[in-house]
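# Understanding the architecture of this molecule
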Amino acid sequence: SQQGEEDPQALSIQEGENATMNCSYKTSINNLQWYRQNSGRGLVHLILIRSNEREKHSGRLRVTLDTSKKSSSLLITASRAADTASYFCATDANNTDKLIFGTGTRLQVFP
Amino acid sequence: DTAVSQTPKYLVTQMGNDKSIKCEQNLGHDTMYWYKQDSKKFLKIMFSYNNKELIINETVPNRFSPKSPDKAHLNLHINSLELGDSAVYFCASSQDRPGAPQTQYFGPGTRLLVL
């Protein structure tokens, strides 16, 4: 399967703590994206990192990319209860128009 | 002013029935997609259309037939529904620019339950 894998599958933390999610993929990529899915809703794009970038920031989000290890991480700093959601990485596999989504990490932030 | 909308939001039907899900985007995007998300939250692409032309057709049973009347609409018709078709179906769209990565915008999903 081309599907990427994310770990952990589930993560529970207290408000104010940082949350780190990891994504591993299998093929060469041009870019990697992270999406968020609130329960019962569609996915929302969070951030994109290109294959020639190593780190990118957006507000409380920090994404890293290691193409040699075919892995990426998403760090959410100072988490809030409203960050509770599932987070998915997605890659443009083999330079196609198709996005391959990871298996997702379910994040629960307790107030 | 929903960017990508889907109808219906919920669909409960009997095995063997034929049903359609509609999707519309008002973003002016060229490309639209259908995804299936199963009970384990795995999200898998089914189809992709660019300017009404089929681009991606994954290994999907031919009971599933997408139809794009114009580039703002991509409907999904499912014949002879089976229990395994129960899932959440997401429509998405993106604007393709040469050399630029595509960001996809998702609809709210249609929860299909086949009894």
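Here the structure is a predicted model, which is why all the values come from computation and not from measurement. (Residues numbered from 1 in each chain as written. Chains lettered and ligands numbered in written order. Predicted model: local features only at pLDDT ≥ 70, side-chain atom pairs only at ≥ 80, totals over all residues. Heavy atoms only, no water.)

In this section: the overall build of chain B. Helices and strands together make up the secondary structure of chain B, namely zero helices and 11 strands. Mapped in sequence order, the helices and strands of chain B form the string β-β-β-β-β-β-β-β-β-β-β. In summary, chain B has a C-alpha radius of gyration of 14 Å against a globular reference of 13 Å for 115 residues, a match within 12%. Put simply, 55% of the contacts in chain B that link residues at least 6 apart link residues at least 24 apart. When the accessible surface of chain B is summed, it comes to about 5800 Å², and 50% of that surface belongs to carbon and sulfur atoms. Here chain B contributes 13 positively and 11 negatively charged side chains, and the mean placements of these two sets differ by 5 Å. (Helix = DSSP H or I, 4+ residues; strand = E, 2+ residues; numbered from the N terminus. Rg over C-alpha atoms; globule rule 2.2 N^0.38 Å. Contact = heavy atoms within 4.5 Å. Areas by Shrake-Rupley, 256 points an atom, 1.4 Å probe, with all protein chains shown as cover. Lys, Arg positive; Asp, Glu negative; His and termini not counted. Charge placed at Lys NZ, Arg CZ, Asp CG, Glu CD.)

The next subject is the state of the cysteines. Residue and element names in this part refer to chain B. With the rule as written, the count across this model stands at two disulfides over all chains. Note on cysteine connectivity: Cys23 is disulfide-linked to Cys91, with sulfurs 1.9 Å apart. Across the S-S bond of Cys23 and Cys91 the torsion is about -75°, and the bridge reads as left-handed. Residue Cys23 is found in strand E3 (residues 19-25), and its partner Cys91 is found in strand E9 (residues 87-94); the two are separated by 68 residues along the sequence. Both residues of the pair, Cys23 and Cys91, belong to the buried class. (Disulfide = S-S within 2.5 Å. Buried < 20%, exposed > 50% of the residue type's maximum accessible area, 1.4 Å probe, protein only.)

The tendency in soluble globular proteins is for nonpolar side chains to be buried as a group. Counting residues in hydrophobic clusters, the biggest one holds 21 residues, and the most contacted among them are Met21, Leu32, Trp34, Leu74, Ile76, Tyr87 and Leu107 of chain A. Within the residue set of this core, elements represented by two or more residues are strand E2 (10-14), strand E3 (19-24), strand E4 (29-37), strand E5 (43-50), strand E7 (61-66), strand E8 (71-76), strand E9 (85-93) and strand E11 (105-110) of chain A. Among residues more than four places away in sequence, those in contact with Ile76 of chain A are Glu17, Asn18, Ala19, Met21, Arg60, Leu61, Asp83, Tyr87 and Leu107 of chain A. Residues Val4, Met32, Ala87 and Tyr89 of chain B belong to the second largest nonpolar core, which totals 19 residues. (Core = buried A, V, L, I, M, F, W, Y, C linked by side-chain atoms within 4.5 Å.)

With that out of the way, let us pick up the interface of chain B and chain A. Each partner contributes to the interface: chain B provides 20 residues, whereas chain A provides 18 residues. Overall, the association of chain B and chain A removes approximately 1600 Å² of surface from exposure, summing both partners, and the carbon and sulfur fraction of that is 55%. Put simply, chain B and chain A have zero salt bridges between them. Taken together, the links from chain B to chain A amount to four residue pairs in polar contact (both at pLDDT 80 or more). (Buried area = accessible area lost by both parts, 1.4 Å probe. Salt bridge = Lys/Arg side-chain N within 4 Å of Asp/Glu carboxyl O. Polar contact = N/O pair within 3.5 Å; in protein donor to acceptor, adjacent residues only side chain to side chain.)

The next thing to look at is the pairing of strand E8 (residues 73-78) of chain B. All names here are of chain B. In terms of strand pairing, E3 meets E8 through four bridges, oriented antiparallel. The residue bridging Glu24 from the neighbouring strand is His73, located in E8. As paired strands, strand E7 (residues 64-70) and E8 are joined by five bridges and run antiparallel to one another. When the bridges of E8 are listed, Asp70 appears paired with His73. Turn length for the E7-E8 hairpin, with the two strands adjacent in sequence and antiparallel, is two residues. (Pairing = 2+ DSSP bridges.)

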